[in-house]
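# Observations on chain architecture
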Amino acid sequence: MSICDNLENLKRLLSGKDICVVAVSKTKPIEKIVELLDCGHNILGENKAQELVAKYEKLKEKSIEWHMVGHMQRNKVKYIAPFVSMIHSVDSLKLLKEINKQAKKHNRVIKCLLQFHIADEDSKFGLNLDECKNILKSEEFSTLNNVKICGVMGMATFTSNLSQVRQEFKSLKKQYEVIKSEFFANDNEFKEISMGMTNDWEIAVDEGATIIRIGTLIFGKR
Ligand SMILES: *Cc1c(COP(=O)(O)O)cnc(C)c1O
């Protein structure tokens, strides 16, 4: 099946639902991305800053909305700040301040999601509810005018236990609701829940995802 077929099938399964598909193109060559662009999809995600920059440079003349979905080191923010549309993986105030600083240099506002730790694996990055609240309550946060917090992101445990995955997505949704009501009750732009990948996107959609991040299902195995 072609990349276009894969995308069409996914869109059909999402029929009627207002869900943003971020096509995760990591490790895939430029030709594959161009193939996807030619089927009319231009929302792309990468998980490494270096690869994101390289692909951005090669595809500069195309109209693409680039998302950074992977863990972000502070010293790499400056490379993606000129063009990145959304950073899904904000897990500290320090990182948020750096994104703000670099966005300001380019006179931009970068959309950000707060990443929550929902998996029962140590290796996955992210905040817990208290850490998140502390960021949003802080004096420093209130001065950051070049970042816009649009919602939350989470990654479920890599497991075949689907009821566990569902529980983890439920927990992300719950934490989203708490943050929404305490800090963004009147903010229409705080509305995104980024959860769900190739193996668990249907559960994520069931549990309220507004953004799904799909690599393998669109581009094939890596
Ligand atoms: C690779 C990746 C995805 C997509 O993974 P697939 O299983 O190939 O759909 C989504 N989110 C993040 C953060 C990733 O690194």
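Our subject is the structure listed above.
Calculation rules
- Residues numbered from 1 in each chain as written.
- Predicted model: local features only at pLDDT ≥ 70, side-chain atom pairs only at ≥ 80, totals over all residues.
- Heavy atoms only, no water.
- Salt bridge = Lys/Arg side-chain N within 4 Å of Asp/Glu carboxyl O.
- Helix = DSSP H or I, 4+ residues; strand = E, 2+ residues; numbered from the N terminus.
- Buried < 20%, exposed > 50% of the residue type's maximum accessible area, 1.4 Å probe, protein only.
- Near = heavy atom within 4 Å.
- Polar contact = N/O pair within 3.5 Å; in protein donor to acceptor, adjacent residues only side chain to side chain.
- Areas by Shrake-Rupley, 256 points an atom, 1.4 Å probe, with all protein chains shown as cover.
- Nonpolar A, V, L, I, M, F, W, Y, C, P; charged D, E, K, R; others polar.
- Disulfide = S-S within 2.5 Å.
- Axes fitted to C-alpha atoms, helices over the stretch in contact; angles between N-to-C directions.
- Parallel < 35°, antiparallel > 145°, perpendicular 65-115°, else oblique.
- Left-handed = near helix turned anticlockwise from the far one by under 90°.
- Contact = heavy atoms within 4.5 Å.

### As for the pattern of salt bridges
- In this structure the tally under the stated criterion is 11 salt bridges.
- The salt bridge partner of Asp206 is Arg166, with a shortest N-O separation of 3.0 Å. Pair noted here: Asp206 is in helix α8 (residues 201-206) and Arg166 is in helix α7 (residues 162-183), with a separation of 40 residues, a long-range link.
- Here Glu177 makes a salt bridge to Lys173, at a shortest N to O gap of 3.8 Å. A residue pair is termed a helical-turn pair when its members lie 3 or 4 positions apart in one helix, as Glu177 and Lys173 do in helix α7 at four residues.
- Its relative accessible area of 39% is what places Glu177 among the partly exposed residues.
- Counted as one network, the salt bridges with shared partners bring together Arg166, Lys170, Asp206 and Glu207.

### Brief notes about the site of the ligand
- The immediate surroundings of the ligand are formed by Val24, Lys26, Asn47, Val69, Met155, Met197, Thr198, Arg213, Ile214, Gly215, Thr216 and Arg222.
- Arg222 is positioned with one of its side-chain polar atoms (N or O) 2.7 Å from an oxygen atom of the ligand.
- In the complex, 93% of the free accessible area of the ligand, which totals 390 Å², lies under the protein chains.
- For the shell around the ligand, the class distribution of residues is five nonpolar, four polar and three charged.

### Focus on the state of the cysteines
- Applying the stated rule across the entire model yields one disulfide.
- Here Cys4 engages in a disulfide with Cys39; their sulfurs sit 2.0 Å apart. With the S-S bond torsion at -95°, the cross-link from Cys4 to Cys39 turns out left-handed. Of the two residues, Cys4 is situated in helix α1 (residues 3-13) and Cys39 in the loop between α2 (30-38) and β2 (43-46); the sequence distance between them amounts to 35 residues.
- Here Cys4 falls in the partly exposed class, since its relative accessible area comes to 26%.
- We note that Cys20 lacks a disulfide partner, and the nearest cysteine sulfur, in Cys150, lies 11 Å from it.
- Among the cysteines around Cys150, which has no disulfide bond, Cys112 carries the closest sulfur, lying 7.7 Å off.
- The class of Cys150 is buried, set by a relative accessible area of 4%.

### Concerning the packing of helix α6 (residues 129-137) against α7
- At a minimum axis distance of 11 Å, the contact between α6 and α7 shows a crossing angle of 25°. By the angle class used here, α6 and α7 are roughly parallel. Taken as a pair, α6 and α7 cross one another with a handedness that is right-handed. For the pair formed by α6 and α7, the contact residues are Leu129, Cys132, Lys133, Leu136 and Lys137 on the first element and Gln175, Val178, Ile179, Glu182 and Phe183 on the second.
- Within the contact of α6 with α7, the residues separate by chemical class into six nonpolar, one polar and three charged.

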